[in-house]
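Here is what each chain is made of, one letter per residue.
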Amino acid sequence: MAEPKKDARREPILEVRNLVKHFPLTQGILFKKQVGAVKAVDGISFELYQGETLGIVGESGCGKSTVAKLLMNLERATSGEVFYKGQDITKLSGRALKAVRRNIQMVFQDPYTSLNPRMTVGDIIGKVQELLDVVGLNPEYVNRYPHQFSGGQRQRIGIARGLALNPEIIICDEPVSALDVSVQAQVINLMEKLQDEFNLSYLFIAHDLSIVRHISDRVGVMYLGKMAEIGTDEQIYDHPTHPYTQALLSAVPVPDPDAREGRERIILTGDVPSPANPPSGCRFRTRCWKAQDKCAEELPLLAIPERFAGSDSLAAHESACHFAEEKDVVGAA
Amino acid sequence: MTTISKPADVPAQRDQGKSSGTLLEVRDLHVEFHTRDGVVKAVNGVNYSVSAGETLAVLGESGSGKSVTAQAIMGILDMPPAKIPQGEILFRGQDMLKMSGEQRRKIRGAKIAMIFQDALSSLNPVLSVGYQLGEMFRVHQGLSKKAAKAKSVELMDRVKIPAASKRVDDYPHQFSGGMRQRIMIAMALALEPDLIIADEPTTALDVTVQAQVMDLLADLQREFNMGLILITHDLGVVADVADKIAVMYAGRIVEHAPVHELYKNPAHPYTRGLLDSIPRLDQKGQELYAIKGLPPNLLNTPPGCAFNPRCPKAQDVCRTEVPPLHTVADGRGSACHFWEETING
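Predicted, not measured: the structure shown is a model, and the values here were computed from it.

**Describing the overall build of chain A**
- Within chain A one finds 11 helices and 11 strands.
- Its C-alpha atoms give chain A a radius of gyration of 21 Å, within 12% of the compact-globule value 20 Å for 333 residues.
- Dimensions along the principal axes, computed over C-alpha positions, put chain A at roughly 65 × 60 × 40 Å.
- Classification of the 333 residues of chain A by burial places 55% in the buried group.

Here you go:
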C-alpha cells in the first residue's frame, strides 16, 4: 500500500485546467449543420502528482472515459488545457505529441479487444521477457497470441505494454472491471507493486467505488461532465459533503449481511439527464433531495464550501454544492 | 396444481411462505457439453432447493456453472451440444426433466420466470414494449389485444415506470438501461410466477440504478411471496438480499449456508479467499489477499478437489479424492476435506 503522498508544495506532473469536450450533433446528409452538442466533459480541473493515484468515479455517461481520451490526446479537446510538466499537450501534434505520449500510457478495460489478435505478445510489448517477468507472467510465453491467455493474463499483458516505454503516468480506464473477483485482486496488487517500484502516477478511472478507495490516494467524483467533489480517500468516503457522492456511496452494497439493517440507503429517483441537454445550474438538481431555486439558477463552483473554510475538519475539501454538509453514509466512523 | 391466487393486498410474511414447503429442488444435476475438443463438464452434481418467499443466492465466478444450472431449470439449454446425463429438477415435487415439451412450456413463464443480465438483447428491438408485455397475456391467457395492452400498462406501473400509459408504445431503445431491466422484471412477473430466476440482473447497471432495481425486486418478491434464485458474482449484492447462499466452483457447490453464517465464518477455503479478496468501501485495507492461479479449464478439471491447485490448505488427499459435501451444521455444508480447520480460522 502506498504511503500518504500528498504534498501541496510539490509540482503536479499533470495539471488539467477547465477541460471541455463537446461532441457536435448534426442534422442533414449533404449539408450538415450543427444542431447541438453532447457536453461529455464540461469544464474539469484537477492535478495529478508524482507517485500518487487519483481515482475518478462516476456512473456511465458522466464523461470519465472521455477525460482519459483527452489526456491521451486521442480526442481533441474543445477547449481547456492539459499541462504535462508545464507544457500544454492539447495543442501538440506530430513528433512533439509522440514524445509526450511515450510518458503517458493507457491501460484499457477490455484486454481482449485492445490487443492485436494477429501479433504475438512479443511483438506487442517490445523488450518483452523482462517485462513479462515484472508483471508475473512466464517469459516463455513470448510467442503466444492474445487468445491463448486468460482474461487476467491479458490484462497483465496490457499493463506490461503500458510499462514498456518507461512512462511516468499510466491512465487506467476500468482496468479490472472485466475480471473475476479472485483475479481482480491479483491485478490490483500487481499495479500497486509496480507503482512503488517505478514511482508511477496513476489516473484510475472506475465505477467500482470499493476498488477505487483501495487503490487511490485522492478521489474525484464526476457527474454529467462536471467534477462534483474531490479530496483524499478519507475525505470523500468518510466525510462526503456533496449529495451525489452521498447517494452513490450509500447505494454500494457492502459485503456484510449484518450491515443490512443499520445502513441508510439514499435511493435516487429517475435517471441521469442527457448530456446533450443538461439541466441549468447544478447538474444534479433534478435528482437531488436538497434542491432549491438557487440550484437551478446558479452553477455551484468546485471549491471548499464556505461553512468549512479554515476548519481542519476532513469535510473541508472541494465540493460543488450550494448546500454542502457532511453525512456519514458508509458507516465507518 | 391449480392456478395460484396471490395475496395481492396482504403483504405476505416470510415465515408463512416457508411453511408452504419447497418450491424447487435440484438433485444431483449434471450437465455436459459435447464439443469438438471433448466433453466439458459444466455442472457436476449440484443440489439446492428454494421455498416460497425465500431468496437463494448462487455465487460463483465465470465458468462455475451457475448460469448453466439455471438454464437447465428453465429448460432453455441447447441440446445438443448440452446433455443432462443425470439428475432431477423437481418443481413442486414433479421432475421437470421427465415432462414433455408441452408440459414444460406451461410451467416456463407461467410458474417459473427468468430475468437476464442484458435487457437490451433480451427484448425484440422492432416491437414496442407494450406489445411484448401483452404477448404474455395473449398467448398464455387468450386475452384480446386491448385487454392485454391495459394489463401491460398496469404491469409497467407496478414496476414504477413513470408515465406508463404514454410509454407503453415505445420501443426498447427509447428506454434507459434501468428502465429496460424494469420491463424485463415486469415481463417475468406478468403471469405471477411462483419462482423467479434472476441471472446477474443488475451487473450491467450503475450502482444507483442497481439499488433501485434490487429494491423493486425485493418488494415484489415480498408482495407475491415468490421464491427467488439470484445468480451473481457480487458479494455485496448477496449480503444485501439473500437468505441463503450456494457457492459454486468448477460445476460443484463447494459451500452452502445461511447468509450470516457464511460471511461470518466461511467453511471452505475458496469462500474465505473470495471474501478476503474484495476491497472494502468502509475501510482502507492493506494489500488484498489474492487467490493464486486461475479457475480450472472444465475440459480438464484437476483430479480430486477442483480447487486444490489454488488452495493454501491443499494436502495429498485433496489431489486424489473429491471431497463430499460434509454437513457443518443444520442447513450448512462444505465440500472440503479440512472444513473443520477452515471454519476455525
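**Some thoughts on the overall build of chain B**
- Each helix and strand in chain B was counted, giving 14 helices and 12 strands.
- The C-alpha atoms of chain B give a radius of gyration of 21 Å, which matches the 20 Å a tight globule of 345 residues would have.
- The buried share of chain B, taken over its 345 residues, is 54%.
- Put simply, of all contacts in chain B between residues at least 6 apart along the chain, 65% involve residues at least 24 apart.
- Carbon and sulfur atoms make up 49% of the accessible area of chain B, which amounts to about 15200 Å² in all.

**Let's talk about the domain arrangement of chain A**
Residues and elements named next belong to chain A.
- Looking at the assigned domains, one finds that chain A contains domain 1 (12-27 + 34-216) and domain 2 (242-333).
- Contact with domain 1, which involves eight residues of that partner, is made by 10 residues of domain 2.
- At the boundary of domain 1 with domain 2, total buried surface from both sides reaches about 850 Å², with 60% on carbon and sulfur atoms.
- Of all residues in domain 1, Lys39, Glu59 and Leu209 bury the most surface against domain 2, accounting for 53% of the area lost on that side.
- Where domain 1 touches domain 2, the interface holds two salt bridges.

**Things to note about the packing of helix α5 (residues 129-141) of chain B against helix α6 (residues 145-158) of chain B**
Residue and element names in this part refer to chain B.
- Closest axis-to-axis distance for the α5/α6 pair is 8 Å, and the angle between their directions is 120 degrees. The angle between α5 and α6 places the two elements in the oblique class. Note that α5 runs across α6; the crossing there is right-handed. Here Val129, Gly130, Leu133, Gly134, Phe137, Arg138 and Gln141 of α5 come into contact with α6, specifically with Lys145, Ala148, Lys151, Ser152, Leu155 and Met156.
- Partitioned by chemical class, the residues of the contact of α5 with α6 number six nonpolar, four polar and three charged.

**Here we look at the nonpolar core**
- Among the nonpolar cores identified, the biggest contains 70 residues, and Leu24, Ile73, Ile112, Ile229 and Ile245 of chain B are the most heavily contacted of them.
- Counting the residues that make up this core, at least three belong to each of domain 1 (14-249) and domain 2 (250-345) of chain B.
- For Ile73 of chain B, the contacting residues outside a window of four places in its chain are Leu24, Val26, Tyr48, Ile89, Met96, Arg104, Ile112, Ile197 and Ile229 of chain B.
- Residues Val135, Ile159, Val187 and Tyr244 of chain A belong to the second largest nonpolar core, which totals 60 residues.

**What about the interface of chain B and chain A?**
- Taken together, the contacts link 45 residues of chain B with 43 residues of chain A.
- Both sides together, the interface formed by chain B and chain A hides about 3900 Å², and carbon and sulfur atoms give 57% of it.
- Close ionic contact of Arg265 of chain A with Asp240 of chain B constitutes a salt bridge, the shortest N to O distance being 2.3 Å.
- Where chain B packs against chain A, one counts six residue pairs in polar contact (both at pLDDT 80 or more).
- Mapped onto the side of chain B that touches chain A, the elements with two or more residues apiece are α9 (207-224), α10 (235-241), α11 (259-264) and α12 (269-277) of chain B.
- Partitioned by chemical class, the residues of the side of chain B that touches chain A number 21 nonpolar, 13 polar and 11 charged.

**Examining the sheet that holds strand β6 (residues 112-115) of chain B**
Residues and elements named next belong to chain B.
- Taken in spatial order, the eight strands of this open sheet run β6-β7-β8-β3-β9-β10-β12-β11, and their pairing is mixed. Strand pairing shows two members of the sheet lacking a second neighbour, β6 and β11 (326-329), which therefore form its edges. Going from strand to strand, the sheet's axes swing by 25 degrees on average, the running direction of each strand aside.
- Pairing of strand β3 (residues 55-59) with strand β9 (residues 244-249), which is carried by four bridges, proceeds in the parallel orientation. Bridge pairing links Leu59 to Val247 in β9.
- Strands in contact with α12 are β3, β9 and β10 (252-258); relative to β9, the strand with the most contacts, it is inclined by about 100 degrees.

**Remarks on the environment of Phe116 of chain B**
All names here are of chain B.
- Mapped onto the fold, Phe116 is located in the loop between β6 and α4 (119-122).
- Assessed through its relative accessible area of 30%, Phe116 is described here as partly exposed.
- Each C-alpha atom of the pair Phe116 and Ile197 lies 8.5 Å from the other, and the pair is 81 residues apart in sequence.

**Some remarks on the pairing of strand β1 (residues 12-27) of chain A**
Residue and element names in this part refer to chain A.
- One ladder, built from 13 bridges, connects β1 with strand β2 (residues 33-49); its direction is antiparallel. By the bridge assignment, Pro12 is partnered in β2 with Tyr49.
- In sequence, β1 turns back onto β2 through a hairpin of five residues, with Gly28 there showing a positive phi of about 95 degrees.
- Pairing between β1 and strand β4 (residues 79-84): five bridges, direction antiparallel. Paired with Val16 across the bridge in β4 is Val82.

**Topic: the sheet that holds strand β2 (residues 38-51) of chain B**
Residues and elements named next belong to chain B.
- On the basis of which strands lie adjacent, the open sheet formed by four strands has the order β2-β1-β4-β5 and antiparallel pairing. Each edge of the open sheet carries a strand with a single partner, namely β2 and β5 (94-95).
- Note that strand β1 (residues 22-35) and strand β4 (residues 82-91) share seven bridges and pair antiparallel. Paired with Glu25 across the strands is Leu90, a residue of β4.
- Where helix α2 (residues 66-74) meets the sheet, it contacts β1, β2 and β4, and its direction lies at approximately 110 degrees from that of β1.

**Considering the domain arrangement of chain B**
All names here are of chain B.
- Examined at the domain level, chain B breaks down into domain 1 (14-249) and domain 2 (250-345).
- Summarising the inter-unit geometry, the C-alpha centres of domain 1 and domain 2 are found 27 Å apart.
- Taken together, the contacts link 28 residues of domain 1 with 25 residues of domain 2.
- Put simply, domain 1 and domain 2 have zero salt bridges between them.
- Linking domain 1 with domain 2 are 13 residue pairs in polar contact (both at pLDDT 80 or more).
- Listed by contribution, the elements that provide at least two residues to the side of domain 1 that touches domain 2 are β2, α10 and β9.
- Broken down by element, the side of domain 1 that touches domain 2 gets its largest block of residues, 11 residues, from β2.
- The class makeup of the residues in the side of domain 1 that touches domain 2 is 16 nonpolar, seven polar and five charged.

**Some details on the state of the cysteines**
- A complete count under the given rule lists zero disulfides over all chains for this structure.
- Considering cysteine sulfurs only, Cys321 of chain A is the nearest to Cys288 of chain A, which forms no disulfide, with 6.1 Å between them.
- Of the cysteine sulfurs around Cys305 of chain B, a residue in no disulfide, the closest is that of Cys318 of chain B, at 6.2 Å.
- Relative accessible area serves as the criterion here: at 13%, Cys305 of chain B is assigned to the buried category.

**Some points on the pattern of salt bridges**
Residues and elements named next belong to chain A.
- By the definition in use, this model includes 26 salt bridges over all chains.
- Between Arg287 and Glu59 there is a salt bridge, and its shortest N-O distance comes to 4.0 Å. Of this pair, Arg287 sits in the loop between α10 (259-262) and α11 (293-297) while Glu59 sits in the loop between β3 (53-57) and α1 (64-71), and the two are 228 residues apart along the sequence. The two residues Arg287 and Glu59 agree in class, both being buried.
- Residue Glu325 pairs with Lys290 through a salt bridge whose shortest N-O separation is 3.3 Å. Of the two residues, Glu325 sits in the segment after β11 (318-319) while Lys290 sits in the loop between α10 and α11, which places them 35 residues apart along the sequence.
- The class of Lys290 is buried, set by a relative accessible area of 15%.
- Within this structure, Glu15, Arg17 and Glu47 form a network of salt bridges that share partners.

Reading the values: the criteria
Residues numbered from 1 in each chain as written. Chains lettered and ligands numbered in written order. Predicted model: local features only at pLDDT ≥ 70, side-chain atom pairs only at ≥ 80, totals over all residues. Heavy atoms only, no water. Helix = DSSP H or I, 4+ residues; strand = E, 2+ residues; numbered from the N terminus. Rg over C-alpha atoms; globule rule 2.2 N^0.38 Å. Buried < 20%, exposed > 50% of the residue type's maximum accessible area, 1.4 Å probe, protein only. Contact = heavy atoms within 4.5 Å. Areas by Shrake-Rupley, 256 points an atom, 1.4 Å probe, with all protein chains shown as cover. Domains from an automatic or database assignment. Buried area = accessible area lost by both parts, 1.4 Å probe. Salt bridge = Lys/Arg side-chain N within 4 Å of Asp/Glu carboxyl O. Axes fitted to C-alpha atoms, helices over the stretch in contact; angles between N-to-C directions. Parallel < 35°, antiparallel > 145°, perpendicular 65-115°, else oblique. Left-handed = near helix turned anticlockwise from the far one by under 90°. Nonpolar A, V, L, I, M, F, W, Y, C, P; charged D, E, K, R; others polar. Core = buried A, V, L, I, M, F, W, Y, C linked by side-chain atoms within 4.5 Å. Polar contact = N/O pair within 3.5 Å; in protein donor to acceptor, adjacent residues only side chain to side chain. Pairing = 2+ DSSP bridges. Disulfide = S-S within 2.5 Å.

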